[in-house]
Amino acid sequence: MADRISDVWGKRTPFPAGGTWPLRVDECLAIPQDHVERWVPSACVLCSNGCGLDIAVADGRIVGVRGRAEDRVNHGRLGPKGLFGWQAGQSRDRLRHPQLRVDGTLRRVDWDTAMTAVTDRSRAVLAEHGPLAMAFYTSGQLFAEEYYAQARIARGGIGTPHLDGNTRLCTATAEWALIESFGSDGDPGSYTDIDHCDTLFLVGHNVAETQTVLWARMLDRLHGPDRPRLIVVDPRLTATARAADVHLPIRPGTNVALLNALLQELITNDRIDRAFLDAHTTGFEDLARTVADYPAEHAAEICGVPARLIRRAAQLLGESHRLVSTVLQGVYQSHQATAAAVQVNNLHLVRGMIGRPGATVFQMNGQPTAENTRETGANGSLPAYLNWQNDIHVRRLAEHWNVDEQRIPHWSPPTHALEIFRQCAEGTIKFLWITGTNPAVSLPELRRIRATLGSEQLFLVVSDAFPTETTALADVVLPAAMWGEKTGCFTNADRTVHLSHKAVEPPGDARSDFAVLLDYAHRMHLTDRDGKPLLPWHQPEDAWNDFIELTRGRPCDQSGLTYERLRGSGGIQWPCTATAPDGTERLYTDHVFPTAAGHCEDYGHDLTTGAQREAGEYQENDPAGRAVIKAAHYLPPHEPADETYPLYLTTGRGVYHWHTRTKTARVPELNDAAPEMWVELHPDDAHTRDIAEGDLVRVSSRRGEIEAPAVLCGSRPGVVFAPFHYGYFDQTDPDRHNRAANELTRTEWDPVSKQPVYKVTPVRLTKLADAEAGGRPVVVSEPALAATDDPADPSEERQ
Ligand SMILES: Nc1nc2c(c(=O)[nH]1)N[C@H]1C(S)=C(S)[C@@H](COP(=O)(O)OP(=O)(O)OC[C@H]3O[C@@H](n4cnc5c(=O)[nH]c(N)nc54)[C@H](O)[C@@H]3O)O[C@H]1N2
Ligand SMILES: Nc1nc2c(c(=O)[nH]1)N[C@H]1C(S)=C(S)[C@@H](COP(=O)(O)OP(=O)(O)OC[C@H]3O[C@@H](n4cnc5c(=O)[nH]c(N)nc54)[C@H](O)[C@@H]3O)O[C@H]1N2
Ligand code: SF4
Ligand SMILES: [Mo]
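Undergrad: Break down empty space enclosed by the protein for me, with residues and values.
TA: Leftover empty space is mapped by rolling, across the atoms, a probe with the size of a water molecule. Scanning the entire structure with this criterion turns up five cavities of 30 Å³ or more. If you go around the second largest cavity, you meet 17 residues; those closest to its centre are Cys-47, Gly-79, Lys-81, Gly-82 and Thr-212. Of all the secondary structure elements, the ones that give two or more residues to the lining of the second largest cavity are α1 (80-84), α7 (207-210) and α8 (212-222). If one sorts the elements of the lining of the second largest cavity by residue count, α1 sits on top with three residues. Of the residues assigned to the lining of the second largest cavity, the class counts are eight nonpolar, seven polar and two charged.

Undergrad: I'd like to hear about the domain arrangement of the chain, residue by residue, with values.
TA: Taken domain by domain, the chain holds domain 1 (99-170 + 369-573), domain 2 (188-363) and domain 3 (647-784). Using only C-alpha atoms to locate each centre, domain 1 and domain 3 end up separated by 31 Å. Summed over both partners, the interface of domain 1 with domain 3 buries about 2200 Å², with 56% contributed by carbon and sulfur atoms. Taken together, the connections running from domain 1 to domain 3 amount to two salt bridges. The tally of links from domain 1 across to domain 3 stands at 20 residue pairs in polar contact (both at pLDDT 80 or more). In terms of residue count, helix α21 (residues 446-453) provides more of the side of domain 1 that touches domain 3 than any other element does, four residues in total. Grouping the constituent residues of the side of domain 1 that touches domain 3 by class yields ten nonpolar, five polar and six charged.

Undergrad: Quick one: what's the story with the site of ligand 2, residue by residue and with numbers?
TA: Lining the immediate surroundings of ligand 2 are 33 residues, of which Asn-166, Ser-442, Asp-464, Asp-513 and Thr-660 lie closest. Within the side chain of Arg-653, one N or O atom sits 3.1 Å away from a nitrogen atom of ligand 2. Against a free-state accessible area of 910 Å², the protein chains account for coverage of 99% of ligand 2. Elements represented by at least two residues in the shell around ligand 2 include exactly α4 (167-170), β16 (459-464) and β22 (647-652). In the shell around ligand 2, the residues fall into ten nonpolar, 17 polar and six charged. Two domains each put at least three residues into the shell around ligand 2: domain 1 (99-170 + 369-573) and domain 3 (647-784).

Undergrad: So what's going on with unusual backbone geometry? Residues and values would help.
TA: That bond from Trp-574 to Pro-575 is cis: its omega, 0°, falls within 30 degrees of zero. Positionally, Pro-575 belongs in the loop between β20 (572-573) and α25 (615-620). Despite not being glycine, His-591 has its phi angle at roughly 60°, a positive value. Turning to its location among the elements, His-591 is positioned in the loop between β20 and α25. Backbone geometry at Ala-624 places phi at a positive 45°, although glycine is not the residue there. Mapped onto the secondary structure, Ala-624 falls in the loop between α25 and β21 (627-628). Exposure remark for Ala-624: the relative accessible area of 54% places this residue in the exposed category.

Undergrad: I'd like a rundown of the pattern of salt bridges, residues and numbers included.
TA: Oppositely charged side chains may form a pair once their charged atoms are brought near each other. All told, the structure shown has 56 salt bridges when counted by the stated rule. Here Arg-703 and Glu-445 are joined by a salt bridge, their closest N and O atoms 4.0 Å apart. Taken together, the residues span a long stretch of sequence, with Arg-703 in the loop between β24 (696-700) and β25 (705-711) and Glu-445 in the loop between α20 (439-442) and α21 at a distance of 258 residues. With relative accessibility at 17%, the residue Glu-445 sits in the buried group. Residues joined in a network through salt bridges with shared partners are Glu-445, Arg-448, Glu-639, Asp-642, Arg-702 and Arg-703.

Undergrad: How would you summarise the nonpolar core if you had to cite specific residues and measurements?
TA: Soluble globular proteins tend to bury their nonpolar side chains together. Among the nonpolar cores identified, the biggest contains 221 residues, and Trp-215, Leu-248 and Tyr-520 are the most heavily contacted of them. Broken down by element, this core gets its largest block of residues, nine residues, from helix α10 (residues 255-268). With near-sequence residues (within four places) excluded, Trp-215 lies in contact with Trp-9, Leu-202, Val-207, Ala-208, Leu-222, Leu-230, Ala-239, Thr-240 and Ala-243. One finds Leu-418, Cys-424, Ala-440 and Leu-453 within the second-largest nonpolar core, a separate group that totals 25 residues.

Undergrad: Could you give me a rundown of the packing of helix α2 (residues 111-129) against helix α22 (residues 513-523), with the residues and numbers involved?
TA: The interhelical angle for the contact between α2 and α22, taken along N-to-C directions, is 55°, at an axis separation of 10 Å. One finds that α2 runs oblique with respect to α22. Judged by the sense of rotation from one axis to the other, the crossing of α2 with α22 is right-handed. Judged by residue contacts, Trp-111, Asp-112, Met-115, Thr-116, Val-118, Thr-119, Ser-122 and Arg-123 of α2 engage Val-516, Asp-519, Tyr-520 and Arg-523 from α22.

Undergrad: I'd like a rundown of the side chain of Thr-254, residues and numbers included.
TA: Position of Thr-254 among the secondary structure elements: in the loop between β11 (246-248) and α10. Its relative accessible area of 3% is what places Thr-254 among the buried residues. A distance of 2.7 Å separates a polar atom in the side chain of Thr-254 from the backbone oxygen of Arg-251. Leaving out residues up to four positions away in the same chain, Thr-254 has contacts with Ile-302, Cys-303 and Tyr-634.

Undergrad: An account of the site of ligand 3 is requested, with residue identities and associated values reported.
TA: Surrounding ligand 3, one finds Cys-44, Leu-46, Cys-47, Asn-49, Gly-50, Cys-51, Leu-78, Gly-79, Lys-81, Gly-82, Thr-212 and Val-213. According to the grid-proximity analysis, the pocket containing ligand 3 is the second largest cavity. Of all the elements in the fold, those that place two or more residues in the shell around ligand 3 are α1 and α8.

Undergrad: Outline the packing of α10 against helix α13 (residues 296-303), supporting the account with residue identities and numerical values.
TA: Direction vectors running N to C along α10 and α13 enclose 165°, while the axes themselves pass 9 Å from each other. Put simply, α10 runs roughly antiparallel to α13. α10 and α13 meet at a crossing whose hand is left-handed. Residues Ala-257, Leu-258, Ala-261 and Glu-265 of α10 touch α13, and the partners they reach there are Ala-296, Ala-299, Ile-302 and Cys-303. Each residue belonging to the contact of α10 with α13 can be placed in one class, and the counts come to seven nonpolar, no polar and one charged.

Undergrad: Now, about the layout of surface pockets: what can you tell me, with residues and values included?
TA: Volume-wise, the largest pocket comes out at about 410 Å³. Along its surface, the largest pocket is lined by 23 residues, and Thr-282, Arg-613, Val-628, Ile-629 and Lys-630 are the ones closest to its centre. Elements represented by at least two residues in the lining of the largest pocket include exactly α5 (172-182) and α25. Broken down by class, the residue content of the lining of the largest pocket amounts to eight nonpolar, eight polar and seven charged. In this structure, the second largest pocket encloses a volume near 340 Å³. Considering the residues around the second largest pocket, the lining is formed by 26 residues, among which Ile-62, Gly-89, Gln-90, Arg-94 and Glu-485 are closest to the centre. When residues of the lining of the second largest pocket are traced back to their parent elements, those giving at least two are β4 (61-67) and α1. No other element matches the three residues that β4 contributes to the lining of the second largest pocket.

Rules and cut-offs
Residues numbered from 1 in each chain as written. Chains lettered and ligands numbered in written order. Predicted model: local features only at pLDDT ≥ 70, side-chain atom pairs only at ≥ 80, totals over all residues. Heavy atoms only, no water. 1 Å grid on protein atoms, 1.4 Å probe; cavity = no way out; pocket = protein on both sides within 12 Å on 5 of 7 lines; lining within 4 Å. Points joined across faces, edges and corners; volume = space filled by probe spheres on them. Helix = DSSP H or I, 4+ residues; strand = E, 2+ residues; numbered from the N terminus. Nonpolar A, V, L, I, M, F, W, Y, C, P; charged D, E, K, R; others polar. Domains from an automatic or database assignment. Buried area = accessible area lost by both parts, 1.4 Å probe. Salt bridge = Lys/Arg side-chain N within 4 Å of Asp/Glu carboxyl O. Polar contact = N/O pair within 3.5 Å; in protein donor to acceptor, adjacent residues only side chain to side chain. Near = heavy atom within 4 Å. Areas by Shrake-Rupley, 256 points an atom, 1.4 Å probe, with all protein chains shown as cover. Buried < 20%, exposed > 50% of the residue type's maximum accessible area, 1.4 Å probe, protein only. Core = buried A, V, L, I, M, F, W, Y, C linked by side-chain atoms within 4.5 Å. Contact = heavy atoms within 4.5 Å. Axes fitted to C-alpha atoms, helices over the stretch in contact; angles between N-to-C directions. Parallel < 35°, antiparallel > 145°, perpendicular 65-115°, else oblique. Left-handed = near helix turned anticlockwise from the far one by under 90°. Sits in = over half its atoms within 2 Å of the grid points.

Here it is as structure tokens:
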């Protein structure tokens, strides 16, 4: 059995540029292999990599998993969460029955009673306050069919714009960075580009801990012949950064200054592809003018890294012929998120490095099904990448759903998550249904969120598989079937779609979200123009067929991607059509981008102010297939560090836990590997405050405070890191709110993507107790860090 706890990435299987990534099958079984009765094809839902796996079943229970050798994503490999995470579903404290709050207490009820409460309140709110008082906050972890059902209920049935996913906290910036540059969402590249590249540029992406199997692929190139060069931009010396040729440990929040300087270096040294720029882009002159203000010395001051390191990184980028860049939360959740993410696109456009093997940018995903929230219209857009400002698009959607065009809210952009919560706090939204997310731990400024969710004036329905900090505040709790207990599709970060089959029955009375949503639509009598059911489906497959038909001709065309095609496949990348039945490896190979006015997903924004472009303005300057280069100046953070709060807190992930730990805290191997909250400090910041390794410290911001043992491994003075995994559900006193990182974070969002800024919060530190009194965490991620070997040339380029 594979051990992915102490050996996170497993044995190296090096391969050369252009070679095939060797197979390596990882397996974890609780019983002897010959006792397994069935292997059910699926894919892992514990990150956006989407590794193919088979679920082992015996005696009506899941008894293990095995990586699928034939899957294009992982070639058999699984990481720590993928290998061990399945055990969570079997924990004894799964939610098994609906609950209804009676006299202040949640009590067990049957489904009919629970659903009657939900629909009675929905009808009352609709009758009294209209559709704008109804809201839905969903996930990045359900299946595509479930999101599509939600989009149809909210946008086509109830007629509210208040439907958003926690994808807003996750990859809304990926979505918008792609739309702003290329006219549509959808990552252009393929994981096979890693097999071909000569340079890897990772911006705010700790892939070694957050997509361990993707890192295994990168490591196998780094260990093989013709090792690609690796540049990592991250304030911390992460496991990823340790392997870098050039690590740029920039000050949090300064991505735009750095990227502008890199662009400036490329332009001054004539490392640009003029022919590509002339033929396939617009906006280069403006970019050149803007980045001229960012010589390396100036950016070095802003970013707090030596100018020579910036020049060296630019040199490597300039010398590369096949560049793969990845962008994730160090950009998306940092200051100027979309502006920065777009500059990475620009880097590829000025170098002409897109749409061919080994040359692409990944605006990465995080959650396993976040891509589907974006495609199905559950994350602040219309389904199938239809443009809410384009009347022809709205009409097409209305016809497909057979509803009146005016029913579909399209007078303003769909409401984003933090705006939904603001309106809940103000009382304009009176009904909120949360599915598959735990905002009482994952949203910023938790004191405020708890007050909002706990408010008397809000009727709160929560669908989850476990009791959580959020279900504790609900009026109705609906027990959900999880992965392995239901069937549906999802799409990973390189557009690979998997069909995950139901392997076992859910526990107790738990039901799939899909079944519950159909029941809701039925009970609410949501109908189309002809009085027929608005959701005329019985099985997830019916919804999928409806959805893929809607995508026909759109950039995310999946019209050929039936269950039939997906069943048992090793993952298929969209677009998948009659003419491309096996899917499409790369987008934009002809360098024609979906920017034409009639085709694009959105007319875009000003990157600095977030001002929405209008149809007329866009049509007048129709890019008509050219990629759009958009420039932005660096702006200092809105709440800078000062004398009272002199340090910057940045938050993120460790390798063993998944988000708010509802799954991973219930898996012995993973929980034992990182059982307790911790904060990482730079030794200099610790010593000036007399803090030693393991001492209990208090971290305070203007919004709240937490207490945790200190780990002295920070890599940039002035930066404190806290994982956001630890909440309160497993605490002895769940009402003592001194552990979750989001007690400290601020309610601020990016002007374009509306993604919250989780990575730059001014804080101060106080020592509370010595190590003996405070207790050091038993294990942090040290095994992962210790296991990181260092394939990079020992060079002077790392700080
Ligand atoms: N083990 C594990 N894996 C996961 C998840 C999990 O919970 N656990 N969650 C999944 C999900 S949903 C997501 S979204 C992804 C997230 O995956 P990542 O984005 O890789 O993870 P984070 O730790 O949130 O942030 C990445 C890095 O950004 C750096 N950073 C902070 N501020 C800045 C900045 O201003 N600039 C730059 N350049 N870097 C900065 C941090 O130091 C951190 O190392 O992980 C996915 N995979
Ligand atoms: N400070 C800080 N905060 C962050 C981040 C950060 O880096 N720093 N990252 C942000 C990001 S990128 C993300 S993605 C979010 C994640 O934040 P959340 O979405 O709140 O995190 P999860 O713990 O994954 O919550 C998912 C919930 O869905 C439940 N669930 C699982 N499967 C199903 C199902 O099939 N049906 C239903 N109904 N429920 C199910 C789980 O039990 C769990 O309670 O956190 C964000 N918050
Ligand atoms: S890399 Fe992601 S998808 Fe693959 S096994 Fe690990 S958690 Fe699952
Ligand atoms: Mo995420």
